[in-house]
Amino acid sequence: GNSVTQMEGPVTLSEEAFLTINCTYTATGYPSLFWYVQYPGEGLQLLLKATKADDKGSNKGFEATYRKETTSFHLEKGSVQVSDSAVYFCALSSSTSGTYKYIFGTGTRLKVLA
Amino acid sequence: DTGVSQDPRHKITKRGQNVTFRCDPISEHNRLYWYRQTLGQGPEFLTYFQNEAQLEKSRLLSDRFSAERPKGSFSTLEIQRTEQGDSAMYLCASSLQGEPEAFFGQGTRLTVV
């Protein structure tokens with residue numbers, strides 16, 4: 001079945017450091033890929049998405065490229081801020097079952113220190 | 001549009017009691033999903049509606065759980081005879097048919113004591 005694997009956290013960085021959070025997936029067909037962010041006590045906010053191979057999603061300085069050959073969708077940001085501290089979830093959505101339900105990774109907690 | 005709305009935000013209940021949560025999706029979205037998120041984990045799919053029809057249920061959705069979407073608009077999730085293991089964040093999401101992107105509500109955090 002479909003699955004998402006993302007790097008374990010927590011990831012602790014100093015402000016202005018470079019961020020990479022790794023995400024790989026297993027899926028039949030051609031899934032859409034997403035990164036969501038969750039702040040404490042809150043729901044999920046869509047950060048970025050990519051719907052086909054080689055697409056690059058970007059938002060608020062974050063980027064991720066849909067790599068079909070390596071089945072990866074790694075999240076990157078060139079210079080993190082304290083306000084980026086949150087939990088980040090990689091997810092896929094596939095139409096093969098007709099539902100577009102999401103499969104999430106376990107999340108990676110990011111802590112950015114001033 | 002105010003996005004996906006869930007009520008209540010927090011619920012504390014005693015073991016054995018019944019609880020009901022409500023989700024109001026984005027108005028033009030005909031697809032609605034429920035997910036459960038336990039501490040330190042990613043959300044897990046529970047069930048899916050297209051309009052008023054419940055088209056898929058996860059094996060996580062035991063007989064004590066029931067979800068409805070009577071008029072294809074808001075949805076309710078009821079848990080009967082709650083157990084401590086039901087403590088989790090319950091998330092609702094909605095999307096347009098054929099669109100992979102779903103929008104999530106703020107969630108209802110359930111604590112069973």
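Shown above is the structure to which this text applies.
Residues numbered from 1 in each chain as written. Chains lettered and ligands numbered in written order. Predicted model: local features only at pLDDT ≥ 70, side-chain atom pairs only at ≥ 80, totals over all residues. Heavy atoms only, no water.

Explanation requested: the overall build of chain B in the structure shown.
Each helix and strand in chain B was counted, giving zero helices and eleven strands. Listed by position from the N terminus, the elements making up chain B come as β-β-β-β-β-β-β-β-β-β-β. In summary, chain B has a C-alpha radius of gyration of 13 Å against a globular reference of 13 Å for 113 residues, a match within 12%. Overall size of chain B, expressed as C-alpha extent along the three principal axes, is 40 × 25 × 25 Å. (Helix = DSSP H or I, 4+ residues; strand = E, 2+ residues; numbered from the N terminus. Rg over C-alpha atoms; globule rule 2.2 N^0.38 Å.)

What's the story with the pairing of strand E12 (residues 108-113) of chain A in this structure? I'm lost.
Consecutive side chains of a regular strand alternate in pointing toward one face of the sheet and then the other. All names here are of chain A. Going residue by residue along E12, you find Thr108, Leu110 and Val112 tucked away on one face and Arg109, Lys111 and Leu113 left uncovered on the opposite face. Where strand E2 (residues 11-14) meets E12, four bridges bridge the pair, whose relative direction is parallel. Residue pairing in the sheet places Leu13 in a bridge with Val112 of E12. (Buried < 20%, exposed > 50% of the residue type's maximum accessible area, 1.4 Å probe, protein only. Pairing = 2+ DSSP bridges.)

Please explain the interface of chain B and chain A as it appears in this structure.
Accessible area lost on assembly of the parts is the figure often given for the size of an interface. Residue-level contacts link 22 residues of chain B with 22 residues of chain A. A combined buried area of about 1,800 Å² lies between chain B and chain A, and 52% of that area is made up of carbon and sulfur atoms. If you sort the residues of chain B by the area they bury against chain A, Pro100, Glu101 and Phe104 of chain B come out on top, with a joint share of 29%. At the junction of chain B and chain A, the tally comes to three salt bridges. The interface formed by chain B and chain A holds ten residue pairs in polar contact (both at pLDDT 80 or more) in total. For the side of chain B that touches chain A, the elements supplying multiple residues, two or more each, are strand E4 (31-37), strand E5 (44-50) and strand E9 (88-95) of chain B. For the side of chain B that touches chain A, the element with the most residues is E4 of chain B, which contributes four residues. Of the residues belonging to the side of chain B that touches chain A, the class tally is ten nonpolar, seven polar and five charged. (Contact = heavy atoms within 4.5 Å. Buried area = accessible area lost by both parts, 1.4 Å probe. Salt bridge = Lys/Arg side-chain N within 4 Å of Asp/Glu carboxyl O. Polar contact = N/O pair within 3.5 Å; in protein donor to acceptor, adjacent residues only side chain to side chain. Nonpolar A, V, L, I, M, F, W, Y, C, P; charged D, E, K, R; others polar.)

Please clarify how the environment of Leu13 of chain A should be interpreted in this entry.
Residue and element names in this part refer to chain A. As for its position among the elements, Leu13 is in strand E2. The spacing of Leu13 and Val80 is 67 residues in sequence and 8.0 Å in space, taken between C-alpha atoms. Discounting residues that sit within four places of it in the chain, Leu13 has contacts with Phe18, Leu19, Val80, Leu110, Lys111, Val112 and Leu113.

Is there a simple way to explain the state of the cysteines in this structure?
All names here are of chain A. On inspection of all chains with the given rule, the structure shows two disulfides over all chains. Between the sulfur atoms of Cys23 and its disulfide mate Cys90 the distance is 1.9 Å. Measuring the twist about the S-S bond at about -70°, one finds the Cys23-Cys90 disulfide to be left-handed. Linking Cys23 in strand E4 (residues 23-26) with Cys90 in strand E10 (residues 86-93), this pair joins segments that are 67 residues apart in sequence. (Disulfide = S-S within 2.5 Å.)

Explain the sheet that holds strand E3 (residues 19-24) of chain B to me, please; I cannot follow it from the model alone.
Two strands in a sheet stick together by hydrogen bonds in their backbones, pointing the same way (parallel) or opposite ways (antiparallel). All names here are of chain B. Strand order in the open sheet formed by four strands is E1-E3-E8-E7, and the pairing between neighbours is antiparallel. The two strands at the open ends of the sheet, each matched to only one other strand, are strand E1 (5-7) and strand E7 (65-68). Each neighbouring strand pair of the sheet contributes to a mean axis angle of 15°, computed without reference to strand direction. Pairing of E7 with strand E8 (residues 75-79) involves four bridges; the strand directions are antiparallel. Across the sheet, residue Phe65 finds its bridge partner in E8, namely Ile79. (Axes fitted to C-alpha atoms, helices over the stretch in contact; angles between N-to-C directions.)

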